[in-house]
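# A look at the structure
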Amino acid sequence: MTLSRRTWFLHLLLFTAYALRILNLAGESLWRDEVDIVRFATLPLSNLVQNFPRAGFNGPLYLLLMRGWFDLVGISDFSLRYFSLVFSVLLIALVYVLARRLFGVSAARLSTLLMVVSPVHIWYAGEGKMYTLQPALLILALYALVRALAQTNRPPDFTQTPSKHTSLWWITLLFSASMAFYVHLLSPIVLLVLAVWVGLNWPLARQSLRPLLITLGLLTAPYVPLLIWQWPTLLKGGSSGHAFVPLDTLLNALLYDWSIGFGSGAPLYFMLQPEQVRWVTAGLFLALAGLGAALRLSSAPRAIGMTVSWLFLPALAVFAISLRVAVFQPRYLLWCAPALYVLMGNLVATPHPARWFMRAAMALSIAVAMLGVAAQISTPIRPDIRGASAFIATHAQPGDILIFQIPYGRYGVEYYLQHSAFSLQLSGLGIAEAPYTNYGMSQAELANELWRGIGPAQRIWLVETEAEMWDEQGLVRAWFDQTLPLVQKMDFRGVRLSLHQTTLDKRLYVPTMQR
């Protein structure tokens with residue numbers, strides 16, 4: 001059995017996607033959110049289940065899946081992120097089949113090509129979080145709806161023949177959407193998109209009304225526990241740990257990430273300033289997507305309406321929720337980014353007099369995306385906890401104490417000292433947390449807290465990472481510089497280590513300061 005030319009091209013795209021994503025998979029350290037996945041997934045099962053309704057655990061099912069994954073392959077930076085890589089490649093295949101249903105093979109190929117080189121999708125394929133699994137599940141739900149609705153007649157905007165396995169697609173829709181609800185708590189927003197898609201295809205939906213209503217009704221059942229858990233927060237309103245983001249800023253942030261990724265400040269962009277890079281590239285992507293929608297609006301109004309609602313409706317929903325409880329982070333809406341690429345691919349695939357110009361613009365977009373990928377690799381972003389931990393492991397001595405600012409930094413160091421080849425045992429080190437100073441703290445209070453943490457230790461390591469979150473004015477660093485002699489200092493990307501030595505007169509002074 002030989003593969004068709006179409007299939008070979010898709011396989012080539014998927015292989016390229018895999019190669020781009022595995023290239024630097026473990027090149028950077030885990031950051032604190034990834035370390036949390038390891039921490040929480042390896043808790044006793046009873047504790048893990050009890051944490052489901054707690055604030056901050058926005059992917060309880062993902063943690064259970066990672067628990068099984070770790071049992072199967074072990075714990076490492078590579079294994080944690082490889083799980084994300086697998087679903088990132090699967091996501092690309094799903095975008096291909098969905099775009100093919102909406103706009104045909106040519107548009108699907110170009111949309112998939114943009115997904116393959118998307119810097120933001122490559123980034124999250126290399127992050128041990130749920131931001132490839134969740135989009136894969138949600139786009140599978142959208143695709144399943146399209147296939148289920150196509151069971152009676154061939155809709156004018158869809159290019160494939162109807163499905164012969166209707167019930168299977170309704171079950172797939174129910175399963176994938178329900179799974180997504182528990183992989184990320186904002187996933188139920190997909191119900192709004194599904195509702196719009198049903199409305200835009202109402203003649204077909206009306207002929208499938210019974211299975212449609214049963215499926216949508218069953219979808220409410222898995223959401224009820226989530227709604228119960230979230231309802232007190234929604235009623236109370238206020239802070240959720242995120243800052244409120246105005247709608248224009250929200251949309252700009254999404255467009256920037258989806259077009260250029262996270263490397264806009266890298267030296268690869270030559271004479272342009274970071275903001276100039278972001279505006280130019282984001283404008284290029286938005287212009288191509290808008291033209292794609294306009295050119296096909298008359299010939300494929302349903303498909304265009306479906307794609308535009310997929311692109312914008314979730315962002316509007318997140319903004320509406322944020323008016324009550326701020327919940328926006330660009331990664332929460334990563335599953336909408338393929339809609340932008342589908343509109344762009346549709347533009348180039350649409351016959352029109354300026355098609356050659358659009359092809360050139362598409363080529364430029366792909367070049368910009370690849371530059372974004374290169375920028376992310378050449379200019380690392382995450383704090384180098386791994387390098388700092390290796391230094392501690394080879395230079396620390398039993399009886400030393402590690403003081404962390406921010407305190408959360410301890411978990412990254414503990415992870416690397418426990419799950420790596422470092423020989424140092426944590427049992428020989430003390431752990432202390434630096435105080436939170438951003439709400440005001442006197443010098444005496446600060447000194448008292450730090451001396452209490454230091455205790456009888458003679459060698460003290462100050463480990464600073466994202467310290468401004470807890471200590472905007474650098475009061476902890478200033479106290480160490482002024483109070484304790486410096487023995488050694490090392491700067492890693494995003495992490496500063498300094499080893500200090502207590503002296504006899506300072507240790508004798510502790511009781512006075514603690515009175």
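Now for a quick tour of the structure. (Residues numbered from 1 in each chain as written. Predicted model: local features only at pLDDT ≥ 70, side-chain atom pairs only at ≥ 80, totals over all residues. Heavy atoms only, no water.)

## Some remarks on the nonpolar core
Put simply, the rule is: Remark: nonpolar core denotes a set of buried residues (Ala, Val, Leu, Ile, Met, Phe, Trp, Tyr, Cys) joined through side-chain atoms within 4.5 Å. Exposure is judged per residue with a 1.4 Å probe applied to protein chains only, and the accessible area is read against the type maximum: over 50% gives exposed, under 20% gives buried, and values in between give partly exposed. The helix count covers DSSP runs of H or I at least four residues long, the strand count covers runs of E at least two residues long, and both are numbered beginning at the N terminus. Here a residue-residue contact requires only that any non-hydrogen atoms of the pair lie within 4.5 Å.
Of all hydrophobic cores here, the largest spans 136 residues; its most connected members are M66, L98, L142, W197, W258, W310 and W335. For this core, the element with the most residues is helix 5 (residues 77-103), which contributes 14 residues. Apart from residues lying up to four places away in sequence, W197 is in contact with L98, L142, L145, V146, M306, S309 and W310. Residues A434, A447, L475 and F480 belong to the second largest nonpolar core, which totals 17 residues.

## Quick look at the packing of aromatic side chains
Where we set the bar: Each pair of aromatic rings taken from Phe, Tyr and Trp, with Trp reduced to its six-membered ring, is defined by centres within 6.5 Å and is described as stacked if the planes are under 30 degrees apart, edge-to-face if over 60, and tilted in the remaining cases. Either the NZ atom of lysine or the CZ atom of arginine qualifies as a charge over a ring when it sits within 6 Å of the ring centre and within 35 degrees of the ring normal.
The tally for this structure, following the rule as stated, stands at 18 aromatic pairs. Ring centres 5.4 Å apart and planes at 85° place the aromatic pair Y143 and W169 in the edge-to-face group. In this pair, Y143 is assigned in helix 8 (residues 133-149) and W169 in helix 9 (residues 166-183), connecting sequence segments 26 residues apart. Of the two residues, Y143 and W169, both sit in the buried class. Each ring, one from Y415 and one from Y416, has its centre 4.8 Å from the other, and the planes form 75°; the classification is edge-to-face. An aromatic cluster of three or more residues is present, and its members are Y62, W69, F83 and F87. Looking at R39, its charged tip hangs above the ring of Y411, at a distance of 3.6 Å from the centre. Cation over ring: R109 sits above F9, and NZ or CZ is 5.1 Å from the ring centre.

## Quick notes on the packing of helix 4 (residues 60-73) against helix 5
Stated precisely, the cut-off is as follows: Axis lines are fitted through C-alpha atoms, for helices just across the contact stretch, and the angle between N-to-C directions can take any value from 0 to 180 degrees. Any angle that falls under 35 degrees is termed roughly parallel, while one over 145 is termed roughly antiparallel, one within 65 to 115 roughly perpendicular, and all others oblique. Note: crossing handedness is left-handed where the near helix turns anticlockwise from the far helix by less than a right angle, and right-handed where it turns clockwise. Amino acids are sorted into nonpolar (Ala, Val, Leu, Ile, Met, Phe, Trp, Tyr, Cys and Pro), charged (Asp, Glu, Lys and Arg) and polar (every other residue, Gly among them).
Contact geometry of helix 4 with helix 5 gives a least axis separation of 10 Å together with a crossing angle of 125°. As judged from the angle between their axes, helix 4 and helix 5 are oblique. In this structure, helix 4 meets helix 5 at a crossing whose hand is right-handed. On helix 5, the residues that touch Y62, L65, M66, W69, F70 and V73 of helix 4 are S79, L80, Y82, F83 and S84. Looking at side-chain class alone, the contact of helix 4 with helix 5 contains nine nonpolar, two polar and no charged residues.

## Points about helix 8
Test applied: Residue count minus one, scaled by 1.5 Å, sets the expected span of a helix.
With 17 residues, helix 8 ought to run about 24 Å at 1.5 Å a step, and its terminal C-alpha atoms sit 24 Å apart, in line with that. Where burial is concerned, most of helix 8 is hidden: 16 out of the 17 residues are buried.

## Quick word on the side chain of S118
As a reminder, the rule being used: Within 3.5 Å is the distance limit for a polar contact, defined as a pair of N or O atoms, with the added protein rule that one can donate a hydrogen and the other accept it, and that residues adjacent in sequence qualify only through two side-chain atoms.
Its location among the elements puts S118 in the loop between helix 6 (105-117) and helix 7 (119-125). Among the polar contacts made by the side chain of S118, one reaches the side chain of Y341 at a distance of 2.8 Å.

## Section: the packing of helix 16 (residues 337-349) against helix 17 (residues 355-378)
Two elements in contact, helix 16 and helix 17, have axes whose closest approach is 8 Å; the angle formed by their N-to-C orientations is 145°. Together, M344, G345, L347, V348 and A349 of helix 16 and R355, M358, R359, M362 and S365 of helix 17 make up the contact between the two elements. Here the contact of helix 16 with helix 17 is composed, by residue class, of six nonpolar, two polar and two charged.

## Some words on a nonpolar patch on the surface
Short version of the rule: Only residues whose relative accessible area exceeds 30% and that take part in no salt bridge are eligible for patches, with like-charged residues grouped when within 9 Å of each other and nonpolar side chains (Val, Leu, Ile, Met, Phe, Trp, Tyr) grouped when within 5 Å. Only the protein chains shown count as cover for residues, and the accessible areas themselves come from Shrake-Rupley with a 1.4 Å probe. Salt bridge criterion: a side-chain nitrogen from Lys or Arg within 4 Å of a carboxyl oxygen from Asp or Glu.
Together, L45, V49 and L64 make up a nonpolar patch on the protein surface, roughly 230 Å² of accessible area in all. Inspection of the secondary structure puts V49 in helix 3 (residues 45-50).

## Overview of unusual backbone geometry
I406 follows Q405 through a cis peptide bond whose omega is 10°. Of note in this structure, E466 is not a glycine but carries a positive phi near 55°.

## Quick look at the pattern of salt bridges
Counted by the stated rule, this structure contains 15 salt bridges. Residue R386 pairs with D77 through a salt bridge whose shortest N-O separation is 2.8 Å. Placement of the pair is R386 in helix 18 (residues 385-395) and D77 in helix 5, with a sequence separation of 309 residues. Judged by its relative accessible area of 8%, D77 falls in the buried class. The salt bridge partner of R410 is E433, with a shortest N-O separation of 3.6 Å. Of this pair, R410 sits in helix 19 (residues 409-418) while E433 sits in strand 2 (residues 430-433), and the two are 23 residues apart along the sequence.

## Description of helix 17
Here helix 17 is 24 residues long and its end C-alpha atoms lie 34 Å apart, about the 34 Å a rise of 1.5 Å per residue gives. All of the buried residues along helix 17 are M358, A361, M362, S365, I366, V368, A369, G372, V373, A375 and Q376.

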